[in-house]
Amino acid sequence: METARCRAFLAAAETGSFSRAAEVLRYTPSGVNQLVSALEKEVGFSLFSRSTKGVALTANGQLLLPVIREILHQEDRLFELSAQMNGLLIGTVTIAAYSSIATHWLPAVIRAFQQDYPHVEIKLMEGIWQEVSQWLEERTADIGFFSYQDNMPFEWIPLAEDPMVALLPRSHPLAEASCYPLENCGRDSFIMPALGCDDDVEALFARSHVRPNIRYTTMESFSVMSMVEQGLGVSVMNKLITEKRVCDVAMIPIDPPASITLGAAFHSRTDASPAAKMFLKYAVRMLTRTES
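No experiment lies behind these values; they were computed from the predicted model shown. (Residues numbered from 1 in each chain as written. Predicted model: local features only at pLDDT ≥ 70, side-chain atom pairs only at ≥ 80, totals over all residues. Heavy atoms only, no water.)

1. Digging into the side chain of T94
Within the element layout of this structure, T94 appears in strand β3 (residues 91-97). Sequence-distant contacts of T94, that is, excluding residues within four places in its chain, are made with K123, M125, T140, A141, D142 and I143. (Helix = DSSP H or I, 4+ residues; strand = E, 2+ residues; numbered from the N terminus. Contact = heavy atoms within 4.5 Å.)

What follows is the structure, given as structure tokens:
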């Protein structure tokens, strides 16, 4: 199976268009179409349904997608290992991370790494827990930086404990208190990030047997802070998210105290590319800390 056909298939699957895939691969749209058609002929069935709006994977195409990704991953690893043997570290490292980690931690790591290895391309994707986990599972990402959850399906390196804090409007009766009882989330109007399914916050409530009074949901944590500032409710999040955010809210510890473990996840050290292994070393050296 020619890997050029596999790369055309993957680019079309990820972009939903032969034209956009051609831009990514620097081919012509007809060239991408020919490569995909040749792959379809080779495997014996259609991989895409085609329309004027673009292309979409068929059921068979969906089944082949992770296999094709693995084939290309192994080819990239072959070239990267060969380059490493010749004394040159090359390749691409795709990182999936919480937006807070991507904003406050990773830029310094990327800068230090790129100074030493300028030939390695870094791709950074931001998402919530479910997205980071999915990108790792699908091998879209090489390394994930997010929080530990029970039954973590990947190899895991803890980096830091980050405390959970309560965000309250300045007008809240407990705005000047030393702590905020978590059980109050069952009475106060609660604003839940990550479209109502923030894994870190949900796990906290589950451990504490608290059923929050969710009145609003939003994707972005900054939106949550702005809504708290306007007096729409209270919220809970890990402290790293709040760094360098300019919002006039009260931020106090929760009671009982709780924290999340932030760290790095990956499939396996033996399977990781040389470039990914090296980036991981930089991240562990620069980010491991005893407190956030």
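Once the structure has been displayed, the description carries forward.
2. What to know about the pairing of strand β1 (residues 48-51)
Walk down a regular strand and you will see the side chains alternate between the two sheet faces. Pairing of β1 with strand β2 (residues 54-57) involves four bridges; the strand directions are antiparallel. If you follow F48 over to β2, its bridge partner there is L57. (Pairing = 2+ DSSP bridges.)

3. Overview of the nonpolar core
Membership of the largest hydrophobic core comes to 63 residues, with the highest contact counts inside it found for I101, F145, F146 and F279. Among the nonpolar cores identified, the runner-up in size contains 19 residues, and A11, L47, L65 and L72 belong to it. (Core = buried A, V, L, I, M, F, W, Y, C linked by side-chain atoms within 4.5 Å. Buried < 20%, exposed > 50% of the residue type's maximum accessible area, 1.4 Å probe, protein only.)

4. Brief notes about the packing of helix α6 (residues 106-116) against helix α11 (residues 274-287)
Where α6 meets α11, the axes come as close as 10 Å, and the angle between the chain directions of the two elements is 130°. With respect to α11, the element α6 is oriented oblique. The hand of the α6/α11 crossing is right-handed. On the side of α6, the interface is formed by L106, A108, V109, I110, A112, F113 and D116, while α11 contributes A275, M278, F279, Y282, A283, M286 and L287. In the contact of α6 with α11, the residues fall into 13 nonpolar, no polar and one charged. (Axes fitted to C-alpha atoms, helices over the stretch in contact; angles between N-to-C directions. Parallel < 35°, antiparallel > 145°, perpendicular 65-115°, else oblique. Left-handed = near helix turned anticlockwise from the far one by under 90°. Nonpolar A, V, L, I, M, F, W, Y, C, P; charged D, E, K, R; others polar.)

5. A few points about helix α1 (residues 3-15)
With 13 residues, α1 extends 18 Å from end C-alpha to end C-alpha; this agrees with the ideal 18 Å at 1.5 Å per step. Those residues of α1 not exposed but buried are R5, C6, A8, F9, L10, A11 and A12. Positive phi shows up at G16, right after α1, with a value of about 75°. (Expected span 1.5 Å × (residues − 1).)

6. Quick look at the packing of aromatic side chains
Applying the stated rule across the entire model yields 11 aromatic pairs. The interplanar angle of 40° and the centroid separation of 5.3 Å between the aromatic rings of F113 and Y117 together place this pair among those described as tilted. Exposure remark for F113: the relative accessible area of 0% places this residue in the buried category. Clustering of aromatic rings is evident, with ring pairs tying together Y98, W129, F146, Y148 and W156. Here R285 stacks its cationic end above the ring of Y282, 4.6 Å away from the centre of that ring. (Phe/Tyr/Trp six-rings, centres within 6.5 Å; stacked < 30°, edge-to-face > 60°. Lys NZ or Arg CZ within 6 Å of the ring centre and 35° of its normal.)

7. A short note on helix α2 (residues 18-25)
Buried residues of α2: F18, A21 and A22, and no others. Burial along α2 is one-sided: seen end-on, the buried residues are contained in an arc of 105°. Looking at α2, the residues exposed on the side facing more than 90 degrees away from the buried face are E23 and V24. Buried residues along α2 sit in contact with α1, α3 (29-43), β1 and β2. Where α2 starts, the residue carrying a side-chain oxygen 3.1 Å from the main-chain nitrogen of S19 turns out to be S17. (Arc of directions from axis to C-beta. Polar contact = N/O pair within 3.5 Å; in protein donor to acceptor, adjacent residues only side chain to side chain.)

8. Focus: unusual backbone geometry
A cis amide bond links D255 with the next residue in sequence, P256, at an omega value of 5°. Along the chain, the position of P256 falls in the loop between β11 (250-255) and β12 (259-266). Although it is not a glycine, H209 sits at a positive phi angle of roughly 55°. With respect to the helices and strands, the residue H209 is situated in the loop between α8 (199-208) and β9 (214-217). Look at H209 and you get exposed, because its relative accessible area is 75%.

9. Overview of the pattern of salt bridges
A complete count under the given rule lists nine salt bridges for this structure. Residue E2 pairs with R5 through a salt bridge whose shortest N-O separation is 3.7 Å. Notably, a salt bridge pairs R5 with E42, separated by 2.9 Å at the nearest N-O pair. Of the two residues, R5 is situated in helix α1 and E42 in helix α3; the sequence distance between them amounts to 37 residues. Sharing partners across several salt bridges, the network here consists of E2, R5 and E42. (Salt bridge = Lys/Arg side-chain N within 4 Å of Asp/Glu carboxyl O.)

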